[in-house]
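# Analysis of the macromolecular model
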Amino acid sequence: MATLYTHQDSNIRKTWLLMSVFFIIVIATAFVFSRAYGNPAILYIAIIFALFMNILGYWFSHKIVLSMTGAHEAPDGGQFSDLHNIVENLAITAGLPKPKVYVINDQAMNAFATGRDKEHAVVAVTTGLLASLNKTELEGVIAHELGHIGNRDMLLSTVVVVLVGFIAILSDMFIRAQFFGGGHRDNDNKAGSIMMLVGIALAILSPIIATLIQLAISRKREFLADASGALLTRYPEGLASALEKISTQSQPMQRASNATAHLFIANPFGSKALRGMHKLFMTHPPVEERIKALRG
């Protein structure tokens, strides 16, 4: 019988499987491009650059995210005293240091966690979320975000975003070089011509495949954080009820961005964005599936 524990273990395995496929795509893309140009240095430079960008993103990504979303630190007291108490109590229960608490002045209901590790973590919620949820629902949302921190999702998310961007840049450079005649000219033999065609096809398809893998990983981590949050509060109904309320809103966040959408507990573009082909590029699993898993 499936439980929150088996659901959690399954998503961990699937996430790391997807990450393995991701790194294979990065290496394969760089390898094909290096062969197409007849320059092995492209492969080595690509790997070194990807590692450098990951390290840079790991240290500064949370500051960039907070700036992009317009979040500001919530004072410990006054109107945010209950929020601080909930975060502190759940952090103690989870065995985590209390993260910094930030607030976003936005009527849309949403929340996210960021930071390079559990010692430098941040939990941010919108004013709309604080105004709309009761205490048990808010606890469910905060527990979900602490689940992201405990599962070290911020590191994984940063690595994935950097790799997607890097593949897109590498592919764009290759296509531009071919278009403007800057590609490798030693392609008179049949093998060289085939490699060049493979490179062009990979340049077009790899960014799309990489983006889809990024979204798949993001959806798996949301399921995992839901399970972790439910285990933390021992009351899955709180988070399930919160997700029901959040799913009813149609208005997008004022600073909704594709770059940060995967960090939030719910799609920041609102329910109207989840139609037609947009479903293929969803950063979150369907709310109905998340609620079903929590109540099952």
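Residues numbered from 1 in each chain as written. Predicted model: local features only at pLDDT ≥ 70, side-chain atom pairs only at ≥ 80, totals over all residues. Heavy atoms only, no water.

## A few points about the nonpolar core
Leu83, Leu129, Val141, Ile142, Leu146, Ile149 and Ile265 are the most contacted members of the largest nonpolar core, which has 35 residues in total. The set of elements that each furnish at least two residues to this core consists of α3 (81-94), β2 (100-104), β3 (111-114), β4 (122-126), α5 (135-150), α7 (190-233), α8 (236-247) and α9 (287-295). The dominant element in this core, judged by the number of residues it contributes, is α5, at six residues. Once you skip the residues sitting within four places of it in the chain, Leu129 turns out to touch Ala108, Met109, Asn110, Ala111, Leu138, Val141 and Ile246. (Core = buried A, V, L, I, M, F, W, Y, C linked by side-chain atoms within 4.5 Å. Buried < 20%, exposed > 50% of the residue type's maximum accessible area, 1.4 Å probe, protein only. Helix = DSSP H or I, 4+ residues; strand = E, 2+ residues; numbered from the N terminus. Contact = heavy atoms within 4.5 Å.)

## Details of the packing of aromatic side chains
Geometry of an aromatic ring pair is reported as the spacing of the ring centres plus the angle between the planes. Tallying each qualifying case throughout the model produces one aromatic pair. Centroid distance Phe112 to Phe264: 5.0 Å. Interplanar angle 65°. Geometry classified as edge-to-face. Within this pair, whereas Phe112 is found in strand β3, its partner Phe264 is found in the loop between α8 and α9, the two being separated by 152 residues in sequence. When its relative accessible area of 0% is taken as the criterion, Phe112 is described as buried. (Phe/Tyr/Trp six-rings, centres within 6.5 Å; stacked < 30°, edge-to-face > 60°.)

## Focus on the packing of α5 against α8
Following both chains from N to C, one finds α5 and α8 inclined at 95°, their axes separated by 7 Å at the closest point. Taken together, the axes of α5 and α8 are roughly perpendicular relative to one another. Residues Thr136, Glu137, Gly140, Val141 and His144 of α5 pack against Gly238, Leu239, Ser241, Ala242 and Lys245 of α8. When its residues are assigned to classes, the contact of α5 with α8 shows three nonpolar, five polar and two charged. (Axes fitted to C-alpha atoms, helices over the stretch in contact; angles between N-to-C directions. Parallel < 35°, antiparallel > 145°, perpendicular 65-115°, else oblique. Nonpolar A, V, L, I, M, F, W, Y, C, P; charged D, E, K, R; others polar.)

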